[in-house]
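So the chains spell out like this:
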Amino acid sequence: MIFINAQFKKGALEMCVLVLAAKQDTYGYELAHKISENFQIAEGTIYPLLRRMTQEAYFETYLIESSEGPPRKYYRLTATGRMYMQEIIKEWREFCNGVDRIIAEEVGE
């Protein structure tokens with residue numbers, strides 16, 4: 001498990017949620033689990049983010065009955081959400097490239 005600075009995580013979490021949901025509809029716990037396989041997050045951080053992103057029309061939701069308890073709320077990425085995801089991926093790559101250039105120039109790595 002990799003421990004990452006909280007500010008790094010905060011900036012990347014929204015993008016991770018969008019990218020994971022772009023492949024298939026998903027529910028909150030599943031998203032938290034997939035992200036936690038790569039870096040540590042508190043499960044509770046996902047739900048407020050999903051709620052906000054649904055209000056912003058990046059997701060639509062629907063319920064599916066579960067044999068393991070109450071119905072699960074699934075999140076489906078909307079066309080607006082896909083466009084937003086592409087924008088922030090582009091911004092992320094530009095940001096990372098800029099940071100990498102600074103590191104290479106100043107530290108030589």
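Above this note sits the structure.
Quick notes on the rules
Numbers given for residues are sequential positions, taken from 1 along each chain in its written order. For this predicted model, a pLDDT threshold of at least 70 governs which residues receive local features, and a threshold of 80 or more governs which side-chain atom pairs are given and counted, while totals over whole chains, interfaces and linings are taken from all residues. Values shown for side chains rest on all heavy atoms present in the structure; no hydrogens or waters enter the calculation. The angle between two axes is taken between their N-to-C directions and runs from 0 to 180 degrees, where each axis is a line fitted to C-alpha atoms and a helix contributes only its stretch in contact. Helix and strand definitions here come from DSSP, where helices need a minimum of 4 consecutive H or I residues and strands a minimum of 2 consecutive E residues; each element is numbered from the N-terminal end. Any angle that is under 35 degrees is reported as roughly parallel, and any over 145 degrees as roughly antiparallel; angles of 65 to 115 degrees are reported as roughly perpendicular and all others as oblique. Two helices crossing with the near one rotated counterclockwise from the far one by less than a right angle form a left-handed crossing, whereas a clockwise rotation gives a right-handed crossing. Only heavy atoms matter for contacts: two residues are in contact if any of them lie within 4.5 Å across the pair. We call Asp, Glu, Lys and Arg charged. Ala, Val, Leu, Ile, Met, Phe, Trp, Tyr, Cys and Pro are nonpolar, and the rest, Gly among them, are polar. When DSSP finds two or more bridges between two strands, those strands count as paired. For the purposes of these results, a polar contact is taken to be a pair of N or O atoms within 3.5 Å, where, inside protein, one atom must be able to donate a hydrogen and its partner to accept one; residues adjacent in sequence count only when each atom of the pair is a side-chain atom. For every residue, the accessible area (1.4 Å probe, protein chains only) is compared with the maximum for its type, and the residue is labelled buried under 20%, exposed over 50%, or partly exposed between those bounds. Working note: the arc is built from the helix axis to C-beta atom directions. The rule for a salt bridge is simple: a side-chain nitrogen of Lys or Arg has to be within 4 Å of a carboxyl oxygen of Asp or Glu.

Draft legend 1. Geometry of the packing of helix α2 (residues 28-36) against helix α3 (residues 46-55). Running from amino to carboxyl end, α2 crosses α3 at an angle of 120°, the nearest separation of the two axes being 10 Å. Compared by their axis directions, α2 and α3 come out oblique. Once α2 is placed against α3, the crossing between them reads as right-handed. Contacts between α2 and α3 involve Gly28, Tyr29, Leu31, Ala32 and Ile35 on the former and, on the latter, Ile46, Tyr47 and Leu50. Among the residues forming the contact of α2 with α3, the class breakdown is seven nonpolar, one polar and no charged.

Draft legend 2. Broad picture of the pairing of strand β3 (residues 69-77). Of the pairings in the sheet, the one linking strand β1 (residues 26-27) to β3 comprises two bridges and is antiparallel in character. Bridge pairing in β3 places Thr26 opposite Tyr75. Where strand β2 (residues 59-66) lies against β3, seven bridges are found, and the strand directions are antiparallel. By the bridge assignment, Thr61 is partnered in β3 with Tyr75. Here β2 hands over to β3 after two residues, the two strands then running antiparallel side by side.

Draft legend 3. Quick look at the side chain of Ser66. Here Ser66 lies in strand β2. At 3.1 Å, the side chain of Ser66 forms a polar contact with the backbone nitrogen of Glu68.

Draft legend 4. Representation of the environment of Met15 within the structure. Along the chain, the position of Met15 falls in helix α1 (residues 6-23). Given the relative accessible area of 11%, Met15 is considered buried.

Draft legend 5. Representation of α3 in the model. Every buried residue of α3 is accounted for by Ile46, Leu49, Leu50 and Met53. Projected down its long axis, α3 shows its buried positions confined to an angular sector of 100°, all on one face. Downstream of α3 by one or two residues, Ala57 has phi in the positive range, about 70°.

Draft legend 6. Broad picture of the pattern of salt bridges. The tally for this structure, following the rule as stated, stands at six salt bridges. We note a salt bridge from Glu14 to Arg52, for which the minimum N-O separation is 2.3 Å. Of this pair, Glu14 sits in helix α1 while Arg52 sits in helix α3, and the two are 38 residues apart along the sequence. For Glu14, a relative accessible area of 13% puts it in the buried group. Owing to a relative accessible area of 32%, Arg52 belongs among the partly exposed residues under this scheme. Between Arg52 and Glu56 there is a salt bridge, with the nearest N and O atoms lying 2.9 Å from each other. Where salt bridges share partners, they join Glu14, Arg52 and Glu56 into one cluster.

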